[in-house]
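The primary structure of each chain is shown beneath.
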Amino acid sequence: MFEKIKNLFNKPEVKSEPEPKKVKEKKVVPELTAKEKATAAGEPYINILSMEIDPNDVNNGAFELDWNEKFIVNLIRAGYKQKDSDTDNVLVDRWFQTVCRNIALEVYEQQQADPTNRDLRVVRTKNLGDGRTEVS
């Protein structure tokens, strides 16, 4: 009789399958863009996003630029804002035109500094006598 009572308290062990291990979810931290990093650091940012060239006229094209507010503040401090109505686009356009102009002038100056690229005019003089000279 004691055996029967004992068996009542001894529950048979139920073998269950082990619980699957919980996979720790990695928090995905979105990586900041270069613009966001510069803005967070309080640095100016300017970038060329795209460039388009007219296939019928390679001398015509357009650039799409991206910038942050710190870059605009620097342009204003540098004197690019001429009117109160100037928009950010106008300031960046003025700046970009200046950069392009400076590049063109630098290339021109380098070409002019090279004696093989200069237009060297030969001045010929001929003494005609009586204090007269022919210059050609």
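Model, not experiment: these values are computed from the prediction.

K.L.:
Go over helix 3 (residues 69–77), please, and point to the residues and values.
P.N.:
What sets the pattern is the α-helix's 3.6 residues per turn: residues three or four places apart point alike. Listing the buried residues of helix 3 in full gives F71, I72 and L75. Angular distribution of buried residues about the axis of helix 3 spans 100°; they occupy a single face of the element. In helix 3, the exposed positions that point more than 90 degrees away from the buried face belong to E69 and R77. Elements in contact with the buried residues of helix 3: strand 1 (46–54), strand 2 (57–67) and helix 4 (88–113).

K.L.:
Please provide a residue-by-residue account of a nonpolar patch on the surface, values included.
P.N.:
A cluster of nonpolar side chains, contributed by I48, M51, I53, V58 and F63, occupies part of the molecular surface with about 500 Å² of accessible area. Of all the secondary-structure elements, those providing two or more residues to the nonpolar patch are strand 1 and strand 2. As for its position among the elements, I48 is in strand 1.

K.L.:
Explain the pairing of strand 3 (residues 125–129) to me, and be specific about the residues and the numbers.
P.N.:
Judged by how many residues are buried, strand 3 sits mostly at the surface: zero of five residues are covered. Sheet topology places strand 3 next to strand 4 (residues 132–135); four bridges connect them, and they run antiparallel. For T125, the partnering residue across the bridge sits in strand 4 and is V135. The turn linking strand 3 back onto strand 4 is made up of two residues, and D130 within it adopts a positive phi angle of 55°.

K.L.:
Mind laying out helix 4, listing which residues take part and the relevant values?
P.N.:
Between its first and last C-alpha atoms helix 4 spans 37 Å; for 26 residues at 1.5 Å apiece the expected length is 38 Å, and the two agree. All of the buried residues along helix 4 are L91, V92, W95 and F96. Tucked into the core, helix 4 has its buried residues touching strand 1, strand 2 and helix 3.

What counts, and at which threshold
Residues numbered from 1 in each chain as written. Predicted model: local features only at pLDDT ≥ 70, side-chain atom pairs only at ≥ 80, totals over all residues. Heavy atoms only, no water. Buried < 20%, exposed > 50% of the residue type's maximum accessible area, 1.4 Å probe, protein only. Helix = DSSP H or I, 4+ residues; strand = E, 2+ residues; numbered from the N terminus. Arc of directions from axis to C-beta. Contact = heavy atoms within 4.5 Å. Patch = residues over 30% accessible without salt bridge, like charges linked within 9 Å, V, L, I, M, F, W, Y side chains within 5 Å. Areas by Shrake-Rupley, 256 points an atom, 1.4 Å probe, with all protein chains shown as cover. Salt bridge = Lys/Arg side-chain N within 4 Å of Asp/Glu carboxyl O. Pairing = 2+ DSSP bridges. Expected span 1.5 Å × (residues − 1).

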